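Overview (structure and organization)
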Amino acid sequence: MGRVISFSNQKGGVGKTTTCVNLAAYLATMGKKVLLIDLDPQGNATTGLGFSKNLKKTVYGILIDGEGVQGYALPTALEGLSLLPSTIDLAGAEVELVYKKGRERILKGALDAVKGDYDYIFLDCPPSLGLLTINALTASDGVVIPIQSEYYALEGLSQLINSIRLVRSHLNPRLEVEGVVLTMYDGRSLIAREIAAEIRKFFTKKLYDTVIPRNVRLAEAPSHGKPIVLHDAKCAGARAYCALAEEFLKKEEGDE
């Protein structure tokens, strides 16, 4: 059975989508079958993998119309990696879900039907703690939290952890923090080093050893509609995400 992992942080601009897309891409190059579901109405994971935002078959159809995942998942340029895309229509789904019975578990029901078809299902959550994120957390086995090494990134982190605890208590007892990724790191900055130390103290064993640096090639890859492994596999950002994928798999195998 495939593991479902949410990538969540209610603060935007912390490298959440970049981490979700590139970790999924590297796992695919390592022979894993991965489905990435773009749950963010901004659709950055969708365009970051080279797809248009004008698609008709999107995650909206799964959540609101009760469609099946397999008919909507699209193959990407990487063998083994599929995408369930998003468009701005998903912004309305947050409101529409309010009136649906069992609204927090709709995504879980859809994913339970296809979990056996994938090694991993990654959910790129919106930068908020609304019903889309609640659906993702309810459907997930674990949460990866990308966090920037800046002061504001620490603010609101306790709110996210509290939301994870609430979902665990009321909707999904198996939910755990899978790991925390330090992103957009600039080791030359004293404040970045100090905050990284604080994050390490707070999360202890949950923090991945691999740190994702600030990297121009990494930042420009989404504008080309490619994960970094297809844009520039030799840059520092690519090497970091490759190392993160190896660490992720090692941790997964150790937990089995």
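For the structure itself, consult the block above.
Now for a quick tour of the structure. Given the structure is predicted, the values throughout are model-derived calculations rather than measurements.

Moving on to the sheet that holds strand E8 (residues 207-213). Here we have eight strands laid out as an open sheet, ordered E3-E4-E2-E5-E1-E6-E7-E8, and mixed in their pairing. Taken across any chain shown, the strands that pair with only one partner, and hence form the sheet edges, are strand E3 (74-75) and E8. Bridge analysis of E3 against strand E4 (residues 81-84) gives two bridges, and the strand direction is antiparallel. Each residue of the ladder has a partner; that of Leu74, found in E4, is Leu83.

We now examine the pattern of salt bridges. For the structure shown, the criterion picks out eleven salt bridges. Among the salt bridges present, the one from Asp186 reaches Arg188, with a minimum N-O distance of 3.0 Å. One salt bridge in this structure joins Glu220 and Arg217, with 2.3 Å as the shortest N-O distance. On the criterion of helical spacing, the pair formed by Glu220 and Arg217 is a turn pair, its members being three residues apart in helix H10 (residues 216-220). Through salt bridges with shared partners, a single ionic network connects Arg3, Glu178 and Glu252.

One pass over the structure, following the stated rule, counts five aromatic pairs. Ring geometry for Tyr120 against Phe122: centres 6.1 Å apart, planes inclined by 50 degrees, an arrangement best described as tilted. Here Tyr120 and Phe122 have matching classes, each one buried. Considering the side-chain rings of Phe202 and Phe203, the 4.8 Å spacing of their centres and the 80 degrees angle between planes classify their relative orientation as edge-to-face.

On to the nonpolar core. Core analysis: the biggest nonpolar cluster contains 36 residues, and Leu23, Leu27, Leu36, Leu81, Phe122 and Phe248 have the highest contact counts within it. Of all elements in the fold, only strand E1 (3-7), helix H1 (16-29), strand E2 (34-38), E4, strand E5 (120-124), E8, helix H11 (228-231) and helix H12 (236-255) reach the threshold of two or more residues within this core. Here the element with the most residues in this core is H1; it accounts for eight residues. Not counting residues within four places of it along the chain, the set of residues in contact with Leu23 comprises Phe7, Phe122, Tyr241, Leu244, Ala245 and Phe248. The next biggest cluster of nonpolar side chains, apart from the first, holds 29 residues, and it includes Ile37, Tyr72, Leu107 and Ala139.

Once that is clear, we can look at the environment of Asp117. In this structure, Asp117 sits in the loop between helix H5 (106-112) and E5. With a relative accessible area of 34%, Asp117 lands in the partly exposed category. Beyond its immediate chain neighbours, meaning those up to four positions away, Asp117 contacts Lys33 and Gln70.

At 3.6 residues per turn, the α-helix brings residues three or four places apart onto the same side. Given a rise of 1.5 Å per residue, 14 residues ought to cover 20 Å, and the 20 Å separating the end C-alpha atoms of H1 matches this to within 8%. For H1, a buried count of twelve out of 14 residues is recorded, marking the element as mostly surrounded by other parts of the structure. Buried within H1 we find Lys16, Thr17, Thr19, Cys20, Val21, Asn22, Leu23, Ala24, Ala25, Tyr26, Leu27 and Ala28. Remark: Gly31 follows H1 within two positions and exhibits a positive phi of approximately 95 degrees.

A few words on a negative patch on the surface. On the surface, a cluster of negative charge is contributed by Asp65, Glu67, Asp89 and Glu96. Tracing the backbone shows Asp65 in the loop between helix H3 (59-63) and E3.

Rules and cut-offs
- Residues numbered from 1 in each chain as written.
- Predicted model: local features only at pLDDT ≥ 70, side-chain atom pairs only at ≥ 80, totals over all residues.
- Heavy atoms only, no water.
- Pairing = 2+ DSSP bridges.
- Helix = DSSP H or I, 4+ residues; strand = E, 2+ residues; numbered from the N terminus.
- Salt bridge = Lys/Arg side-chain N within 4 Å of Asp/Glu carboxyl O.
- Phe/Tyr/Trp six-rings, centres within 6.5 Å; stacked < 30°, edge-to-face > 60°.
- Buried < 20%, exposed > 50% of the residue type's maximum accessible area, 1.4 Å probe, protein only.
- Core = buried A, V, L, I, M, F, W, Y, C linked by side-chain atoms within 4.5 Å.
- Contact = heavy atoms within 4.5 Å.
- Expected span 1.5 Å × (residues − 1).
- Patch = residues over 30% accessible without salt bridge, like charges linked within 9 Å, V, L, I, M, F, W, Y side chains within 5 Å.
- Areas by Shrake-Rupley, 256 points an atom, 1.4 Å probe, with all protein chains shown as cover.
- Lys, Arg positive; Asp, Glu negative; His and termini not counted.
- Charge placed at Lys NZ, Arg CZ, Asp CG, Glu CD.

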